[in-house]
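The chain contents come next:
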Amino acid sequence: MARPGVFVRAEEVAFLEDVRRWRQQCVLVLTRAKPQRPFYNATSRLIEAIDDVAEVVTGDRRTFYQRDASTPGEALPPVKWRTVD
């Protein structure tokens, strides 16, 4: 049994999944809200708070950020092309 006030890893993972959904909804709200209005500013602060929580739990503030596109590295096996006659 876990001690009171201490999360176990499964609880952290479930919590992060819930927080991820909240952050996605907040980003959608920001796309429709008028910039620098009270609702926009409050939603931006909520996203910052979610990123703070991610940093505490995972050690990485950018846990929920979109990953940059990347090209395959040299570690991939060579591609063998097959031609059809």
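Predicted, not measured: the structure shown is a model, and the values here were computed from it.

Conventions and cut-offs
Residues numbered from 1 in each chain as written. Predicted model: local features only at pLDDT ≥ 70, side-chain atom pairs only at ≥ 80, totals over all residues. Heavy atoms only, no water. Salt bridge = Lys/Arg side-chain N within 4 Å of Asp/Glu carboxyl O. Helix = DSSP H or I, 4+ residues; strand = E, 2+ residues; numbered from the N terminus. Buried < 20%, exposed > 50% of the residue type's maximum accessible area, 1.4 Å probe, protein only. Expected span 1.5 Å × (residues − 1). Contact = heavy atoms within 4.5 Å. Axes fitted to C-alpha atoms, helices over the stretch in contact; angles between N-to-C directions. Parallel < 35°, antiparallel > 145°, perpendicular 65-115°, else oblique. Left-handed = near helix turned anticlockwise from the far one by under 90°. Nonpolar A, V, L, I, M, F, W, Y, C, P; charged D, E, K, R; others polar.

Participant: Please clarify how the pattern of salt bridges should be interpreted in this entry.
Facilitator: Should their charged atoms come close, side chains of opposite charge can pair. Scanning the model with the defined rule gives 6 salt bridges in all. Note that E12 is salt-bridged to R9, the shortest N-O span being 3.0 Å. With E12 and R9 both in helix 1 (residues 9-32), this residue pair falls 3 residues apart, about one helical turn. Notably, a salt bridge pairs D51 with R23, separated by 2.9 Å at the nearest N-O pair. Within this pair, whereas D51 is found in helix 2 (residues 38-58), its partner R23 is found in helix 1, the two being separated by 28 residues in sequence. Relative accessible area serves as the criterion here: at 13%, R23 is assigned to the buried category. Taken together, the salt bridges that share partners define one network made up of D52, E55 and R61.

Participant: I would appreciate a short explanation of helix 1 in the present structure.
Facilitator: Side chains that are three or four residues apart share a direction in an α-helix, a result of its 3.6 residues per turn. The terminal C-alpha atoms of helix 1, which comprises 24 residues, lie 35 Å apart, in line with the 34 Å expected from a rise of 1.5 Å per residue. Here helix 1 has its buried residues at L16, V19, R23, C26 and L30.

Participant: Looking at this structure, how should I read the environment of T43?
Facilitator: For T43, the location among the structural elements is in helix 2. Taking the C-alpha atoms as reference points, T43 and R23, separated by 20 residues in sequence, lie 9.4 Å from one another. In this structure T43 touches C26, V29 and L30, once residues within four positions along its chain are discounted.

Participant: Would you mind going over the packing of helix 1 against helix 2 with me for this structure?
Facilitator: The angle between the axes and the distance between the axes are what describe a pair of packed helices. The geometry of helix 1 relative to helix 2 is characterised by a closest axis approach of 10 Å and an angle of 155° between their N-to-C directions. The angle between helix 1 and helix 2 falls in the class roughly antiparallel. The crossing of helix 1 and helix 2 is left-handed. Counting all contacts with helix 1, which are made through E12, F15, L16, V19, W22, R23, C26, V27, V29 and L30, the residues of helix 2 involved are F39, Y40, T43, S44, L46, I47, I50, D51, V53, A54, V57 and T58. Per-class residue counts for the contact of helix 1 with helix 2 are 16 nonpolar, 3 polar and 3 charged.

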